[in-house]
Amino acid sequence: MRVLISGAAGFLGSHLTDRLIKEGHTVIGLDNFITGNRANLAHLTKEANFSLMEQDVSTFIKVNEPLDYVLHLASPASPSKTSPLGYPNLPIQTMKAGALGTHNTLGLAKFHNAKFLLASTSEVYGDPLVHPQPESYWGNCDPVGVRSVYDEAKRFAEALTMAYHNFHGVDTRIVRIFNTFGPRMRLDDGRSVPNFIQQALRKEPLTIYGTGEQTRSFCYVDDLIDGIRLLMDSGEHMPVNIGNPQEVSIIDFALLINELTGNTAGLQINTSERLGDDPERRQPDITRAKTILGWEPEVSLRQGLSKAIDYMCTKLEQKRS
Ligand code: NAD
Ligand code: UDP
C-alpha cells in the first residue's frame, strides 16, 4: 500500500509509520511539527519507502501518486494548560486540525479512492455518565468548556467521516483512542505520564491535579498500534474503542511510578491545577474491539511503564550530556 499519515512526526503517528514501513508499505508522512518532533522520524531519512510533506493539514493537500490509505492523526492532543503544546493554548489550531484537517484528508481519500482512518478519542465521551464507556454512549460534553476545542473538533470529525462514508461511499474507519503512553511521548507536553516519570526520575514529588481520585485506563503504545492495524484491515465503519480496560486512580498510578523508579519524594496534591471538565472516570468497554478485531491489550501497566521509564531516562541523560 501507499499510505499518507497526517501527524506522522507525533508520538502515535511515528509508531504507526514504523509499523507500516516494517510491513513493506510506502508511507508519506504529513506534519507541520506544531506538537511533533523531527527526532521521531530521524531514523527514516534514508528509508526509500518514506517521504515527508511538511504541511499544515488544515490547508489543501495535493498528492500526485496514487494512495491506498489515508490516516488522519494530526491534532494537538495534550490537555495541559501549562504546556504551550497543550490544546487549551492551541485552541484554533486544534479546531482547524479536527475540522478542516478532517475535511481535507477525507477529500484526499475520496479523490484517490483510498481507505480512510480517523484517530478519534475517548474525549468524545466528555466527562462520562456511563461507565465503562461503550461506543454506543453519546457522551457528556460542554460545547463551550475548556476541553471543547478538542472534544467538539473530534466529534465533528467523526460526524464528517460518517457523512463521507454514507454520502460519498468512502471506505472509512474511526478509532476512539483511550490514554496511550510509551516511548516518543514528548517530555514537555504536560500529560500525566511524561510529567510523572520526569518528576520521579528527578526525585521530586509527583504533582497530582485535583484529589487524584479521578481515574484513567492507560494503554501501552504497541498494543494500541496492533489494534489500529487490525481495524485498518477490517471492514468496520462504526467507531471502535481501543484502550486498556485496566482502570486506575491517578493517585495509584503516580504511586506505581514512584515505586518503579524508587522515588521516595511522594506526591504533591495541587487542586488548582486541575483543568475544568477533567473526566472523573475513564475506562473503555472493549467488547467491540474483542469481537470484531479479536484484539485485546497484552502489555501490563507495570511492563509498559518500565519501558516508558527507560526511554525517558535515556532522553533525559541525552539532554544533560
Ligand atoms: P502528538 O502531539 O504527539 O502528535 C500529533 C502530531 O500531529 C504532531 O506531530 C503534530 O505536529 C501534528 N499536527 C498537529 N496539528 C497539525 C496540523 N495542523 N498539520 C499537520 N500536522 C499537525 O499526539 P499523539 O498523542 O501522537 O496523538 C495523535 C492522534 O491520536 C491525535 O489525533 C490525538 O487526538 C489522538 N489521540 C491520542 C491519544 C493519546 O493518548 N496519545 C488519545 C486519544 C486520541
Ligand atoms: N494529571 C495530574 N498531574 C499531572 C498531569 C495530569 O494529576 O502532572 C491528571 C489530570 O488532571 C487528569 C489525569 O492526570 O486527571 C490524566 O491526565 P493526562 O494529562 O494524561 O490526560 P487526559 O487523560 O486528561 O486527557
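Reading the values: rules and limits
Residues numbered from 1 in each chain as written. Chains lettered and ligands numbered in written order. Predicted model: local features only at pLDDT ≥ 70, side-chain atom pairs only at ≥ 80, totals over all residues. Heavy atoms only, no water. Near = heavy atom within 4 Å. Polar contact = N/O pair within 3.5 Å; in protein donor to acceptor, adjacent residues only side chain to side chain. Areas by Shrake-Rupley, 256 points an atom, 1.4 Å probe, with all protein chains shown as cover. Helix = DSSP H or I, 4+ residues; strand = E, 2+ residues; numbered from the N terminus. Nonpolar A, V, L, I, M, F, W, Y, C, P; charged D, E, K, R; others polar. Buried < 20%, exposed > 50% of the residue type's maximum accessible area, 1.4 Å probe, protein only. Contact = heavy atoms within 4.5 Å. Phe/Tyr/Trp six-rings, centres within 6.5 Å; stacked < 30°, edge-to-face > 60°. Pairing = 2+ DSSP bridges. Axes fitted to C-alpha atoms, helices over the stretch in contact; angles between N-to-C directions. Right-handed = clockwise from strand over helix to strand, strands pointing away. Salt bridge = Lys/Arg side-chain N within 4 Å of Asp/Glu carboxyl O. Lys, Arg positive; Asp, Glu negative; His and termini not counted.

Caption draft 1: Quick look at the site of ligand 2. For ligand 2, the set of nearby residues contains 17 residues, the closest of which are Ser 192, Thr 207, Tyr 209, Arg 216 and Asp 278. Asn 179 places a polar side-chain atom, nitrogen or oxygen, 2.7 Å from an oxygen atom of ligand 2. Gln 214 is positioned with one of its side-chain polar atoms (N or O) 2.9 Å from an oxygen atom of ligand 2. Contact with the protein chains hides 94% of the accessible area of ligand 2, taken as 520 Å² for the molecule alone. Counting residues per element, the ones that place at least two in the shell around ligand 2 are helix H4 (192–201) and strand S8 (206–209). Partitioned by chemical class, the residues of the shell around ligand 2 number five nonpolar, six polar and six charged.

Caption draft 2: Spatial organisation of H4. With respect to burial, H4 is a largely interior element, eight of its 10 residues being buried. Every buried residue of H4 is accounted for by Val 193, Pro 194, Asn 195, Phe 196, Ile 197, Gln 198, Gln 199 and Ala 200. Structurally, H4 contributes buried residues whose contacts are with strand S7 (180–181), S8, helix H6 (250–261) and helix H8 (301–320). Among the residues trailing H4, Lys 203 stands out with phi positive, at a value near 60 degrees.

Caption draft 3: Quick peek at the packing of aromatic side chains. A full pass over the atoms with the stated rule returns seven aromatic pairs. Relative to Tyr 220, the ring of Phe 181 has its centre 5.7 Å away and its plane inclined at 70 degrees; by these criteria the two rings are edge-to-face. With Phe 181 in strand S7 and Tyr 220 in strand S10 (residues 219–220), this pair connects stretches of sequence that are 39 residues apart. Aromatic rings pair up to connect Phe 181, Phe 196, Phe 218, Tyr 220 and Phe 253 into one cluster.

Caption draft 4: Molecular detail of the site of ligand 1. Taken together, 30 residues sit near ligand 1, with Asp 31, Thr 35, Leu 73, Tyr 150 and Lys 154 positioned nearest. Between Leu 12 and ligand 1, the recorded distance is 2.8 Å, taken from a backbone N or O atom to an oxygen atom. The side chain of Tyr 150 places a nitrogen or oxygen atom 2.5 Å from an oxygen atom of ligand 1. A total of 810 Å² of accessible area belongs to ligand 1 in isolation, and the protein chains cover 96% of it. Those elements giving two or more residues to the shell around ligand 1 turn out to be helix H1 (11–22), strand S2 (26–31), strand S5 (115–121) and helix H3 (148–168). Sorting elements by how many residues they give to the shell around ligand 1 places S5 first, with three residues. The class makeup of the residues in the shell around ligand 1 is 14 nonpolar, 12 polar and four charged.

Caption draft 5: Region of the structure containing the sheet that holds S2. Here seven strands make up an open sheet; going across it, the order is S3-S2-S1-S4-S5-S6-S11 and the pairing parallel. Because the sheet does not close on itself, it has two edges, and the strands there are strand S3 (50–54) and strand S11 (240–242). Taken pair by pair, the neighbouring strands of this sheet meet at an average axis angle of 20 degrees, ignoring direction. In the sheet, strand S6 (residues 172–177) pairs with S11 via three bridges, with the strands oriented parallel.

Caption draft 6: Up close: the pairing of S5. Along S5, six of the seven residues are buried, which leaves the element largely enclosed by surrounding structure. Two elements, strand S4 (residues 69–72) and S5, share four bridges in a ladder whose sense is parallel. Each residue of the ladder has a partner; that of His 72, found in S5, is Leu 118. Each parallel crossover has a hand, and for S4 linked through helix H2 (residues 91–112) to S5 it is right-handed. Pairing of S5 with S6 involves six bridges; the strand directions are parallel. Bridge pairing links Ser 120 to Arg 176 in S6.

Caption draft 7: Focus on the pattern of salt bridges. Inspection of every chain in the model, using the stated rule, returns 21 salt bridges. A salt bridge links Glu 135 to Arg 288, with the nearest nitrogen and oxygen atoms 3.8 Å apart. Of this pair, Glu 135 sits in the loop between S5 and H3 while Arg 288 sits in helix H7 (residues 287–293); the two residues are 153 residues apart in sequence, bridging distant segments of the chain. Residue classification places Glu 135 among the buried positions, given a relative accessible area of 12%. Each of the salt bridges in this network shares a partner with another, and the network as a whole consists of Glu 123, Arg 147, Arg 216, Arg 274, Asp 278, Glu 280 and Arg 282.

Caption draft 8: Seen up close, the side chain of Asp 31. Within the secondary structure, Asp 31 sits in strand S2. It is Arg 38 that comes nearest to the buried, bridge-free Asp 31 among opposite-charge side chains, at 8.1 Å. Filtering out sequence-adjacent residues up to four positions away, Asp 31 remains in contact with Gly 7, Ala 8, Ala 9, Gly 10, Met 53, Glu 54 and Gln 55.

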